[in-house]
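Residues per chain, in single letters:
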Amino acid sequence: MYRSNTCGELNVSYIGKKVTLCGWIQKVRDKGFVAWIDLRDRYGITQLVFDEERTSKELLELVRTLGRETVIQIKGTVIERASKNKNIPTGEIEVLVSELTILNESLLPPFTVEDETDGGEDIRMKYRYLDIRRNPVKENLIFRHKVSMEVRKYLSDQGFIDVETPYLIKSTPEGARDFVVPSRMNEGQFYALPQSPQTFKQLLMVGGMDKYFQIVKCFRDEDLRADRQPEFTQIDCEMAFVEQEDILNTFEGLTKHLLKEIKGVEIVNFPRITYDDAMKCYGNDKPDIRFGMEFGELNEFAKHKDFNVFNSAELVVGIAVPGANTYTRKEIDKLIDWMKRPQVGALGMVYCRCNDDGSYKSSVDKFYAQEDLAKWAEVTGANTGDLICVLSGDKNKVRAQLSALRMEMAERLGLRKADEFAPLWVIDFPLLELDEETGNYHAMHHPFTSPKPGQLELLDTNPGEVKANAYDLVLNGNEIGGGSIRIYDKETQATMFKHLGFTPKEAKAQFGFLMDAFQYGAPPHGGIAFGLDRLVSILGGQETIRDFIAFPKNNSGRDVMIDAPANIDNEQLKELNLKLDLD
């Protein structure tokens, strides 16, 4: 064996024992008559000692030639350390080295392989294999492993079966853009990489596998951001003979299990809120409820007071920012400028101070009396010392703008605490969403989502009012999972395709296999998929999923380490019967 122990396990109980260690040189410290090496592996750091009295001259000279990140094997005796380091588990001992073998030398690394590195993100992505040696990245990957194992344990204990589904499937027009793969053996035809195993897990329900799960790679060719990658990992689950309540209870259980086992946090309550109420109270469908600042609608108390900005608006709505009456006029002006950025798009903001003496001072005092402003405070839940921020305009736009302000103020006030966890279910989504550009409806989740019981008939008369038997699980303002009760009979599925603009021929071509399967005793079923990357990052107290992926892509969807995507040569193109027209 190369090693008898790891660099993280030796302690005073090993004193006097001979050991063999392997690892990377973190640092060499040479005092002339004595030298030390900090030897690092995945498990920790052990200090090695070499001195003139107990170490051969040749070995001491060799140590002085060694550079950082060189891989070595040593043999020696564990001794008590004179100057102890209480910050590491091995800090009470060191190894007096008798033999040293260089296993592989290293070039000078392009950045320091330490917790506080001097390497920027771009250079660390290019040399990701070095970055992984750093504790922050290494610990994130180990943390991800622990979450994955707890997921497998919980679902297996609940009777779920892990089943693999294909990666080479058929492209469909729904959802984001597919990554496509040309077939050499089927000229001119293409596979698609799955955006989700949706239809396959439904077919597994038809097949009688009544509890399925899979931790699975999925692919979407879409624009990237901090919480999105072209390839991502889902905890994909499906159950047969269930209603919505069964699924919510099962996956509340999974979330509670993860929070308890991974974070030591006991969560009892999983509030539920309808989509309509989430939009009305928070301005988005994944509200962060670790803090308040719920919206207060002010039409009744703000319109018809000779202030045309409010009078002409569809909605006047505000929030009470706790303690923000301390903001100076200059700070408020900067906040208004922040709201006017293109990313938010507000035209301006009205504000009202809630003074310590119980009076109110607003930026529109000449239009509103103290009694009016007191109503604003009542509706928004403002207290003494708070600042009421009010926006107006088209209801959908203004809610989104106020939601952005709510999250920004929570961030500034330190209300989004990484060690607090506040889950909730958002339910009763619209089944269909109107595309304002085309005037056509598309599925808000996907075309296999069932309408709420008793609402199927509304598809013909008022499709925009139909609610979906769908649900999202939100944690700390992030959607970590979403799913629905599925359609499981051919007639309902055909009706759904019709309202999504599919002709019967198109529906048959795209999804005939699923509709055929429904004719052979498909059970009622439903499921959910969690975004593992996002879930792990939130549990880890961070927002960027790249930090928890071993080899992530950058914001342009490129792997700068292996330089992918890349061109392929003409011979490969010929085999695939493809021609590249660069014009």
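Basis of the calculations
- Counting of residues starts from 1 at the beginning of each chain's written sequence and follows it residue by residue.
- With pLDDT at 70 or above as the cut-off, local features in this predicted model cover only qualifying residues; side-chain atom pairs require 80 or more to be listed or tallied, and sums for whole chains, interfaces and linings still use all residues.
- Hydrogens are left out, water is left out, and the side-chain values use all remaining heavy atoms of the structure.
- Secondary structure is summarised from DSSP: a helix means a run of H or I of at least four residues, a strand means a run of E of at least two, and numbering begins at the N terminus for each.
- For every residue, the accessible area (1.4 Å probe, protein chains only) is compared with the maximum for its type, and the residue is labelled buried under 20%, exposed over 50%, or partly exposed between those bounds.
- Any two residues whose heavy atoms approach within 4.5 Å at even a single point are treated as in contact.
- All accessibility values rest on the Shrake-Rupley procedure with a 1.4 Å probe; residue burial counts only the protein chains present in the view.
- Counted as positive: Lys and Arg. Counted as negative: Asp and Glu. His and the chain ends are not counted at all.
- Throughout, a charge is located at the NZ atom of Lys, the CZ atom of Arg, the CG atom of Asp or the CD atom of Glu.
- Only buried residues count toward a nonpolar core. Its members are Ala, Val, Leu, Ile, Met, Phe, Trp, Tyr and Cys residues joined through side-chain atoms within 4.5 Å.
- Following DSSP output, two strands are said to pair if at least two bridges run between them.
- Only the stretch in contact is used when a helix axis is fitted, and all axes are lines through C-alpha atoms; the angle between N-to-C directions ranges over 0 to 180 degrees.
- Criterion for a salt bridge: a side-chain nitrogen of Lys or Arg within 4 Å of a carboxyl oxygen of Asp or Glu.

Novice: Report on the overall build of the chain, specifying residues and quantitative values.
Specialist: Summing up its helical and strand segments, the chain has 17 helices and 22 strands in all. Based on the C-alpha atoms only, the size of the chain along its principal axes is roughly 90 × 75 × 55 Å. The proportion of buried residues among the 583 residues of the chain is 48%. Put simply, of all contacts in the chain between residues at least 6 apart along the chain, 66% involve residues at least 24 apart. Of the accessible surface of the chain, which amounts to about 29,600 Å², a share of 48% is contributed by carbon and sulfur atoms. For the chain, the centre of its 73 positive side-chain charges and the centre of its 92 negative side-chain charges are spaced 3 Å apart.

Novice: Describe helix α7 (residues 275–282), with residues and values.
Specialist: Taken as a whole, α7 has its buried residues at Tyr275, Ala278, Met279, Cys281 and Tyr282. The inward-facing, buried residues of α7 abut β11 (272–274), α12 (395–412) and β17 (423–427). Taken from the residues just after α7, Gly283 is the one with a positive phi, measuring 80°.

Novice: Pulling in residues and values, what's your account of the nonpolar core?
Specialist: Val147, Leu155, Phe251, Trp425 and Phe530 are the most contacted members of the largest nonpolar core, which has 36 residues in total. Elements with a minimum of two residues in this core: α4 (135–157), β10 (231–240), α6 (244–263), β17, β20 (470–475), β21 (478–485), β22 (525–531) and α16 (532–539). Of all the elements, α6 adds the most residues to this core, at 7 residues. In this view, Leu155 contacts Phe160, Phe213, Ile235, Cys237 and Phe251; residues no more than four positions away in its chain are not counted. Counting residues in hydrophobic clusters, the runner-up holds 27 residues, among them Ala324, Ile332, Ile336 and Tyr351.

Novice: Break down the pairing of strand β5 (residues 93–104) for me, with residues and values.
Specialist: Two faces belong to every sheet, and in a regular strand the side chains alternate between them. As paired elements, strand β3 (residues 44–51) and β5 share 2 bridges and run parallel to each other. Residue pairing in the sheet places Leu48 in a bridge with Val95 of β5. Pairing analysis gives 10 bridges linking strand β4 (residues 71–80) to β5, with the strands arranged antiparallel. Opposite Gln73, over in β5, you have Thr101 as the bridge partner.

Novice: Residue-level account of the sheet that holds β5, with values.
Specialist: On the basis of which strands lie adjacent, the closed barrel formed by 5 strands has the order β1-β2-β3-β5-β4 and mixed pairing. For this sheet the average axis-to-axis angle between neighbouring strands, irrespective of direction, equals 55°.

Novice: Quick one: what's the story with the pattern of salt bridges, residue by residue and with numbers?
Specialist: For the structure on display, the rule yields 41 salt bridges. A salt bridge links Glu69 to Arg133; the nearest nitrogen and oxygen atoms lie 2.7 Å apart. A residue pair is termed long-range when its members are at least 10 positions apart, and Glu69 in the loop between α1 (57–63) and β4 and Arg133 in the loop between α3 (128–131) and α4 qualify at 64 residues. What makes Glu69 buried here is its relative accessible area of 3%. When the shortest N-O distance is used, the salt bridge between Arg399 and Glu297 registers 2.8 Å. On the criterion of sequence distance, the pair formed by Arg399 in helix α12 and Glu297 in strand β12 (residues 296–297) is long-range, its members being 102 residues apart. When salt bridges that share partners are traced, they join Arg124, Arg128, Asp131 and Arg134 into one network.

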